[in-house]
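Read off the chains here:
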Amino acid sequence: MNQFLLSRRDFLIKATAGAATLIAAPYLNLDVWAADQAAPIKIAVEFNAHAVPAYVAIEKKLFAAEGLNFTAYASYVTGASLAAALTKGDIDAAYICLIPAINAYANAAVPIKVVCGTHLYGYGLAVNPEKIHSVKDLEKTDIQVGCLGAGTAVDTVMHKTMERFGLDKQQLLPKARRMNPAKAIFAVRAKQLDAVFLPEHWLTMTERYGFSVMYTARDVWADMIGSVLIAKNSLIQNYPAVVDKIVKVTQKATTWMNQHGDESAEIAARYLSFESQRAPLAEVLESENELRVSQASIARSMKNLDYLNAVDKDMIQETIDNAFRLGNIRQSFSADAMLDLQFLQRT
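Residues numbered from 1 in each chain as written. Predicted model: local features only at pLDDT ≥ 70, side-chain atom pairs only at ≥ 80, totals over all residues. Heavy atoms only, no water.

### A short note on the pattern of salt bridges
Pairs can form between side chains of opposite charge once their charged atoms are near each other.
Move 1: Following the criterion strictly, the structure yields 15 salt bridges and no others.
Move 2: For Arg218, the salt bridge goes to Asp306, with nearest N and O atoms at 2.7 Å. Pair noted here: Arg218 is in helix H10 (residues 217–220) and Asp306 is in strand E12 (residues 305–306), with a separation of 88 residues, a long-range link.
Move 3: You can call Arg218 partly exposed: its relative accessible area is 33%.
Move 4: Judged by its relative accessible area of 30%, Asp306 is partly exposed.
Move 5: For Glu266, the salt bridge goes to Arg270, with nearest N and O atoms at 3.0 Å. (Salt bridge = Lys/Arg side-chain N within 4 Å of Asp/Glu carboxyl O. Helix = DSSP H or I, 4+ residues; strand = E, 2+ residues; numbered from the N terminus. Buried < 20%, exposed > 50% of the residue type's maximum accessible area, 1.4 Å probe, protein only.)

### Thoughts on the pairing of strand E5 (residues 112–121)
Move 1: The buried count for E5 comes to 10 of 10 residues, which makes it a mostly enclosed element.
Move 2: Here E5 pairs with strand E11 (residues 225–232) via 7 bridges, running antiparallel. Directly across from Val114, in E11, lies its bridge partner Ile230.
Move 3: Note: E5 against E12, 2 bridges, orientation antiparallel. (Pairing = 2+ DSSP bridges.)

### Points about unusual backbone geometry
Move 1: That bond from Glu200 to His201 is cis: its omega, 15 degrees, falls within 30 degrees of zero.
Move 2: Residue Lys61 is not a glycine yet carries a positive backbone phi of 55 degrees.
Move 3: Summarising the element assignment, Lys61 is placed in the loop between helix H2 (52–59) and helix H3 (62–65).
Move 4: Despite not being glycine, Lys191 has its phi angle at roughly 60 degrees, a positive value.
Move 5: Mapped onto the elements of the fold, Lys191 is located in the loop between helix H8 (181–189) and strand E9 (195–199).

### Brief notes about the nonpolar core
Move 1: Ranked by size, the top nonpolar core spans 114 residues in total, and within it Val115 and Leu138 carry the most contacts.
Move 2: A per-element tally of this core places helix H12 (residues 240–259) first, with 8 residues.
Move 3: Discounting residues that sit within four places of it in the chain, Leu138 has contacts with Leu125, Ile132, Ile143, Val145, Leu167, Leu172, Lys175, Ala195 and Phe197. (Core = buried A, V, L, I, M, F, W, Y, C linked by side-chain atoms within 4.5 Å. Contact = heavy atoms within 4.5 Å.)

### Digging into the environment of Ala94
Move 1: Structurally, the position occupied by Ala94 is in strand E4 (residues 93–97).
Move 2: Here the alpha-carbon distance between Ala94 and Val45, two residues 49 residues apart in the chain, equals 5.9 Å.
Move 3: Aside from chain neighbours lying at most four places away, what touches Ala94 is Ile43, Ala44, Val228, Leu229 and Ile230.

### Brief notes about H8
Move 1: Along H8, the residues that are buried comprise Pro181, Ala182, Ala184, Ile185, Ala187 and Val188.
Move 2: The residue sitting at the N-terminus of H8 and contributing the capping side-chain oxygen is Asn180; that oxygen lies 3.1 Å from the backbone nitrogen of Ala182.
Move 3: A positive phi of about 60 degrees marks Lys191, the residue just after H8. (Polar contact = N/O pair within 3.5 Å; in protein donor to acceptor, adjacent residues only side chain to side chain.)

In structure tokens:
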């Protein structure tokens, strides 16, 4: 094992256990009540285009239709906040990218299970077309490249891109500037980056500042699982009926949005625009108009994801093994250890 992977692995394991850098994307938090519970079930939801099924479920009152009611949600503006919530037990379930879920399970022993899928893909590379004409241009010393933190899904897509196109990791990785999506958008706007790896909708959002999407995860990793619905073991054991309902809501929302693309994009644009006002991006942009996420932009963004609920066990295993290969987790493990698909199979 080379020294880079050893140091990377040691850092990521310690960071995850300390709830410091598990995920580098903002999240929302839902408080959901079941009819027979005094306390809410806390569900974290991604603050990006990955979460369109959750936004649709909220807007269309699908949670309420299953007897699950929530009153409000609040933003987690950093990945560290969500990581802390996961490790401290403040979240019962989450719509979360698979890769950080694997990191949490393997590195911090967070007792979670994947109970449903939400989408494939959802990440990619956007570039300044005036300076970058080929992916090989990323290796040039004067090209500034941005990416989310090491060990994230976006970082994994950057590695897959380097491997797919034979880029020199020793040249590219040391110069990659690590930042969260909001800061990356600001850096693009300020012309401090020439290329950036991001999750959707942030990836497509770079287009308003003259960038273009060069590659998406679909181009570099076939059938990559983007996000999943996870539940804490305690929720599964103590309230299986609630988990069953959350899975049903997720499936209904996914089916509806795949049949109503335009309306789904309008819903997502409205929710993301509202939350953008409370994100770090709001503090650095000059106009409130820049915080608005257009329906057209979200519609384009959504085309870079495949929203589906089926879970491919072999792909879960491949993702676990890849996380170990990259040094993101201490050792590989069987996908069965973090899968509980009984609720998905019932429906």
